[in-house]
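A structural walkthrough
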Protein chains: 2
Amino acid sequence: MNSNQLHVTNSNLPKAVYRALKKICGKDILTDQSDRSAYSYDNSRTQKAPDAVIFARNTKQIGQIVKVCFQHKIPIVARGRGTGTVGGSVPLHNGIVISFEHMNQILEINPDNRFLVAEPGVTNTQVQQAAAEFGFFWAPDPTSADYCSIGGNLGFNSAGPRAVKYGTTRENTLGLEAITGNGEFIKTGVYTSKGVVGYDLTRLLIGSEGTLALITQATLKLTPIAELTQTIQLFYKDIDSAALAVVAIMRQSVVPSALEFIDKECIKLIKNYKPDIRIPADAKAMLMVSVDGLKDCLESSIDAILTAAENPGIISKNIAYKESEAKEIWQARKALSPALRNIAPKKINEDVVVPISNIPTLIHELEKISTESTIPIVNFGHAGNGNIHVNLLIDTDNQKQMENAESCLDQVFDLVIRLRGTLSGEHGVGIEKRDYIERELNPASLDLMRKIKKQFDPHNILNPDKLLPDA
Amino acid sequence: MNSNQLHVTNSNLPKAVYRALKKICGKDILTDQSDRSAYSYDNSRTQKAPDAVIFARNTKQIGQIVKVCFQHKIPIVARGRGTGTVGGSVPLHNGIVISFEHMNQILEINPDNRFLVAEPGVTNTQVQQAAAEFGFFWAPDPTSADYCSIGGNLGFNSAGPRAVKYGTTRENTLGLEAITGNGEFIKTGVYTSKGVVGYDLTRLLIGSEGTLALITQATLKLTPIAELTQTIQLFYKDIDSAALAVVAIMRQSVVPSALEFIDKECIKLIKNYKPDIRIPADAKAMLMVSVDGLKDCLESSIDAILTAAENPGIISKNIAYKESEAKEIWQARKALSPALRNIAPKKINEDVVVPISNIPTLIHELEKISTESTIPIVNFGHAGNGNIHVNLLIDTDNQKQMENAESCLDQVFDLVIRLRGTLSGEHGVGIEKRDYIERELNPASLDLMRKIKKQFDPHNILNPDKLLPDA
């Protein structure tokens, strides 16, 4: 069966399992077909219905649920809000989806020690709001922040524009509580910004996509909000000049709080979608650079950025001093997503990373791949990290494009590896990239990952067949 | 036998093993008693001679050496420069010490992509010098930087004053190459500042104290050097006021590049050791705060720090604008180490961490423990991280102190755990803290660590009996 198709049959949960889980979960276990299909998908192209959906309530209860599933070898897939793009929360082998949406409490805010303890179902924005009341933020800022949960952020090491200065989920989490695949409770990490006792299980769980343990609580590291943030918009005549500026900006000491980029194909799309947005006629690349800090420092900081950004390829620069100006220069970037959705609702969005000086080669080679495959490719992303969202705008009615899609993706990934890059910067592996990661990881490392998985999850019930390809 | 005593007998290496290793290593394998005793210790109280010392030359050769040792179950202890304080590089069960001192090449400096690739035997200072030529530094800055190797820094997740702003080794390493306990070559991580493909083996190896694999190469993340650094010296009438200032400084948005503290006992020592150093008579705590950034920004940044540092307990503040002034205010801090060595050459230096708002309780409780045990305790350290170096100044000729030492240490560790702290911030576990870590780690986590160790090192030959206590 094609795993991409939605597959909802009658619940196949053995009666003994259902009875045991019902006893633990009461009304929090759902087996109606409609409920099961509502939890059958994420933001990828794969759908599969679970046999049952369980709303998790607390760590102890999750331990009991996992023990039952461990005993009967029933697969468990952890689900935050299903905003993932790689099929990470799709129950490939049916079984149980554990939804964390009701474990949505912030348990402690400790401003003196700059941490916040939360359940995994709290959304990223709820964390930001709670932290902001005390003058803090949590660094990870994925686009889906309003809706995605921190459980998902932890599972996929999520990040966003701010990562260039403030790091990803990995650098902003102090400790975790979790239930392993045999129902054991583990507590990892510390409440402090330093600690080196035992192996780093915290970072091992972060980005493990629910394959090692179910995260039930997290201690997040908070950062004080800067006094002011200002944004600069820069247009360049070609990608090479823009990339030169990115390298120069990252080589000087004022680290931008965002350093985003869009390529010429994106600019074209934006121009078509919203012709009134001001973009120079000859612009073939745009950078958006944010700088934050003390009010009194921002002028010097912006000067330092502008000096680094200067090169013969620069066409124009706009600095937003007022909020209205900021709004205007963000228009171009913000028009991109709807413009893309408009033209290619079924786009494939990859989130590859390359060393920043290799961005021009990446883009030029992608142009060739695009021409050969006849698949339009548009690129934008977090240039300061070299994290480029490569979008294949496949028209599903175009037979030639559909035929070329796989080989096109194949070439993209090969290219990224050749440029010393990585296949994913923030979306993760899930199902979508599982069969490609052997190109990046060496065999002995992959073998160790499989062995580690077995220690955490001896019956292979936690999100089976995700992340790691078959041995 | 007491493991603290030096134990050099004739080399016990089985002849077949010696012959196999000799074939691989040639003149790089040493078995003379004098050579073996030179590699029998680190900066802890434990000494034990290996059966042989091998100077590692390259990754491939290390793979061959480990394969021989794996086959014959010969223990291997990786050694950087032996500056560790917890016995991490002491060959507890004899066997082989692999010294990395000749694998001391910087293999690549990539300023455009802000990374540096080095062999593990390169010293921290050599990395800093090589990076500085391109305007960069590597964040970890242990006191022993001039002598310690990055291999050791990686093994113990080393850090220093700069960690408060720039993070520890964990946050500043992109990828590793290593040989596991069965001689397999693994490559972990990426060349970029983001990446989420597979489990995070890089962070798993960092801080694993040579128990999982021998690190043979590292890709280090570089940071641009700030235009200017200035330092402020602050005196307080009590530890509570100083700690209040630490919390307030860490709650505002100008993150100091160092936030060091010394307590009243340290101040006493310094005054006795160098009476001419200017310290206010009623000072019972001192903070040293460094701020770095653009020249034009530093005044506002220092203002922000001073505002946060202000409270009724502040006695005086000295800002170093010129280099001569900086030299003067660092005198007090720099006099501390020789003063300590002078008075208590056999001090026990613990590097516990507590949430910063718990620093006053820690210090007050330590005073009580000190009084009860009659062991003088002096405290200083990286206050911004809550990483306090607790020094037990035990006089080995004082029978009562010697009798109380163990229970004193015991109480210190219990106190730290009660205050939501961790037993080590940067020194690691090794032999010295191995039997205490069960107080901090939950049983299932510790069990998983043991299982992970077994996957990397099936015959338990890599630094056996370090870090993890017996099951």
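Residues numbered from 1 in each chain as written. Chains lettered and ligands numbered in written order. Predicted model: local features only at pLDDT ≥ 70, side-chain atom pairs only at ≥ 80, totals over all residues. Heavy atoms only, no water.

Turning our attention to the overall build of chain A. Helix and strand counts for chain A come out as 14 helices and 18 strands. Relative to the globule expectation of 23 Å for 471 residues, the C-alpha radius of gyration of chain A, 23 Å, shows essentially globular dimensions. In terms of overall dimensions, chain A has a C-alpha envelope of 70 × 60 × 45 Å along the principal axes. For chain A, the residues scored as buried account for 62% of the 471 residues in total. Sequence separation of 24 or more characterises 72% of the internal contacts of chain A that already satisfy a separation of 6 or more. Approximately 17,600 Å² of chain A is accessible, and the part contributed by carbon and sulfur atoms is 47%. Charged side chains of chain A number 51 positive and 53 negative; the gap between the two group centres comes to 4 Å. (Helix = DSSP H or I, 4+ residues; strand = E, 2+ residues; numbered from the N terminus. Rg over C-alpha atoms; globule rule 2.2 N^0.38 Å. Buried < 20%, exposed > 50% of the residue type's maximum accessible area, 1.4 Å probe, protein only. Contact = heavy atoms within 4.5 Å. Areas by Shrake-Rupley, 256 points an atom, 1.4 Å probe, with all protein chains shown as cover. Lys, Arg positive; Asp, Glu negative; His and termini not counted. Charge placed at Lys NZ, Arg CZ, Asp CG, Glu CD.)

All names here are of chain A. Parsing chain A into structural domains produces domain 1 (3–99), domain 2 (106–224) and domain 3 (228–337). Spacing between the C-alpha centres of domain 1 and domain 2 amounts to 24 Å. Across the contact surface, domain 1 and domain 2 share 0 salt bridges. Joining domain 1 to domain 2, the criterion identifies 2 residue pairs in polar contact (both at pLDDT 80 or more). For the side of domain 1 that touches domain 2, the secondary-structure elements that each account for two or more residues are α3 (59–72) and β3 (76–79). (Domains from an automatic or database assignment. Salt bridge = Lys/Arg side-chain N within 4 Å of Asp/Glu carboxyl O. Polar contact = N/O pair within 3.5 Å; in protein donor to acceptor, adjacent residues only side chain to side chain.)

Attention now goes to helix α8 (residues 239–251) of chain B. Compared with an ideal rise of 1.5 Å per residue, which puts 13 residues at 18 Å, α8(B) spans 18 Å between its outermost C-alpha atoms and is within 8% of the ideal. The set of residues buried in α8(B) consists of Ile239(B), Ser241(B), Ala242(B), Ala243(B), Ala245(B), Val246(B), Val247(B), Ile249(B) and Met250(B). (Expected span 1.5 Å × (residues − 1).)

On to the side chain of Asn311(B). One can find Asn311(B) in the loop between α10 (298–309) and β15 (314–320). Judged by relative accessible area, Asn311(B) falls into the buried class, the value being 13%.

Side-chain pairs of opposite charge can arise whenever the charged atoms involved come near each other. Residue and element names in this part refer to chain B. A complete count under the given rule lists 48 salt bridges over all chains for this structure. Residue Glu 177 pairs with Lys 187 through a salt bridge whose shortest N-O separation is 3.6 Å. Remark: Lys 187 occurs in strand β9 (residues 185–189) and Glu 177 occurs in strand β8 (residues 173–180); sequence separation between them is 10 residues. For Glu 177, a relative accessible area of 12% puts it in the buried group.

On the secondary structure map, Pro224(A) appears in strand β11 (residues 223–224). Between the C-alpha atom of Pro224(A) and that of Phe134(A), which follows or precedes it by 90 residues, the distance is 8.6 Å. In contact with Pro224(A), not counting residues within four places along its chain, are Arg114(A), Gly135(A), Phe136(A), Phe137(A), Met250(B), Arg251(B), Gln252(B) and Ser253(B).

For the rest of this paragraph, the subject is the relation of the copies chain B and chain A. In the superposition of chain B on chain A (RMSD 0.0 Å, axial shift 0.0 Å), the rotation amounts to 180 degrees. Those values place the two copies in the arrangement expected of a two-fold rotation axis. Minimal C-alpha distance to the rotation axis in chain B is attained by Cys297(B), lying at 2.5 Å. Of the residues that chain B buries at the interface, 100% are likewise interface residues in chain A, meaning the two copies contact each other through the same surface. (Least-squares fit on C-alpha atoms with pLDDT ≥ 70 in both.)

It is worth spelling out the side chain of Thr202(B) at this point. Residue and element names in this part refer to chain B. By the element assignment, Thr 202 lies in helix α7 (residues 201–205). Among the polar contacts listed, one links the side chain of Thr 202 to the side chain of Thr 188, at a separation of 2.8 Å. A polar side-chain atom of Thr 202 sits 3.3 Å from the main-chain amide nitrogen of Gly 189. Those residues in contact with Thr 202 that lie beyond four places of it in its chain are Thr 173, Leu 174, Gly 175, Leu 176, Thr 188 and Gly 189.

Now for the sheet that holds strand β1 (residues 29–30) of chain A. Residues and elements named next belong to chain A. Strand order across the open sheet formed by 4 strands is β1-β2-β4-β3, with mixed pairing between neighbours. Edge positions in the open sheet fall to β1 and β3, since each of these has one partner strand only. Bridging between strand β2 (residues 52–55) and strand β4 (residues 96–99) involves 4 bridges; their strand directions are parallel. Within the sheet, the bridge partner assigned to Ile 54 lies in β4 and is Ile 98. (Pairing = 2+ DSSP bridges.)

Taken together, the contact between chain B and chain A spans 89 residues of the former and 89 residues of the latter. Here chain B packs against chain A, burying approximately 7,200 Å² in sum over the two surfaces, 60% of which is carbon and sulfur. Considering only the surface of chain B that becomes buried against chain A, Lys194(B), Val196(B) and Tyr199(B) emerge as the three largest contributors, covering 14% of it. Here Glu426(B) and Lys194(A) are joined by a salt bridge, their closest N and O atoms 2.7 Å apart. Our enumeration of links across chain B and chain A arrives at 31 residue pairs in polar contact (both at pLDDT 80 or more). Elements with a contribution of two residues or more to the side of chain B that touches chain A: β5 (106–110), β9, α7, α8, α10 and α14 (443–456) of chain B. Looking at the side of chain B that touches chain A residue by residue, the classes come out as 41 nonpolar, 30 polar and 18 charged. (Buried area = accessible area lost by both parts, 1.4 Å probe. Nonpolar A, V, L, I, M, F, W, Y, C, P; charged D, E, K, R; others polar.)

This next bit is on the packing of helix α12 (residues 359–373) of chain B against helix α13 (residues 399–418) of chain B. All names here are of chain B. Contact pair α12 / α13: the axes reach a minimum separation of 10 Å and the direction vectors enclose 165 degrees. Considering the angle they form, α12 stands roughly antiparallel to α13. The hand of the α12/α13 crossing is right-handed. Two secondary-structure elements touch here, α12 through Leu 362, Glu 365, Leu 366, Ile 369, Glu 372 and Ser 373 and α13 through Asn 404, Cys 408, Gln 411, Val 412, Leu 415, Val 416 and Arg 418. Within the contact of α12 with α13, the residues separate by chemical class into 7 nonpolar, 3 polar and 3 charged. (Axes fitted to C-alpha atoms, helices over the stretch in contact; angles between N-to-C directions. Parallel < 35°, antiparallel > 145°, perpendicular 65-115°, else oblique. Left-handed = near helix turned anticlockwise from the far one by under 90°.)

A few words on a negative patch on the surface. Taken together, the side chains of Glu227(A), Asp296(A), Glu299(B) and Asp303(B) present a region of like negative charge at the surface. Along the chain, Glu227(A) falls in the loop between β11 and β12 (228–236). What makes Glu227(A) partly exposed here is its relative accessible area of 45%. (Patch = residues over 30% accessible without salt bridge, like charges linked within 9 Å, V, L, I, M, F, W, Y side chains within 5 Å.)

Moving on, we get to the packing of aromatic side chains. All names here are of chain A. Scanning the entire structure with this criterion turns up 8 aromatic pairs over all chains. Arranged with centres 5.4 Å apart and planes meeting at 45 degrees, the rings of Phe 115 and Tyr 191 form a pair that is tilted. Residue Phe 115 is found in strand β6 (residues 115–118), and its partner Tyr 191 is found in the loop between β9 (185–189) and α7 (201–205); the two are separated by 76 residues along the sequence. Here Phe 115 falls in the buried class, since its relative accessible area comes to 0%. The class of Tyr 191 is buried, set by a relative accessible area of 17%. The cationic tip of Arg 81 hangs over the ring face of Tyr 147; the distance from NZ or CZ to the ring centre is 4.6 Å. (Phe/Tyr/Trp six-rings, centres within 6.5 Å; stacked < 30°, edge-to-face > 60°. Lys NZ or Arg CZ within 6 Å of the ring centre and 35° of its normal.)

Looking at chain A as a whole, its pLDDT mean stands at 95, while 98% of the residues score no less than 70. Quick note on the complex model: pTM equals 0.96, ipTM equals 0.96. (pLDDT = per-residue confidence, 0-100.)

Moving on to the sheet that holds β12(A). All names here are of chain A. Read across the open sheet, the 7 strands follow the order β15-β12-β14-β13-β17-β18-β16; overall the sheet is antiparallel. Either end of the sheet is taken by a strand with one partner, and the two such strands are β15 (314–320) and β16 (348–353). Neighbouring strand axes in the sheet, compared pairwise and without regard to direction, differ in orientation by 15 degrees on average. Bridging between strand β13 (residues 258–263) and strand β17 (residues 377–382) involves 3 bridges; their strand directions are antiparallel.

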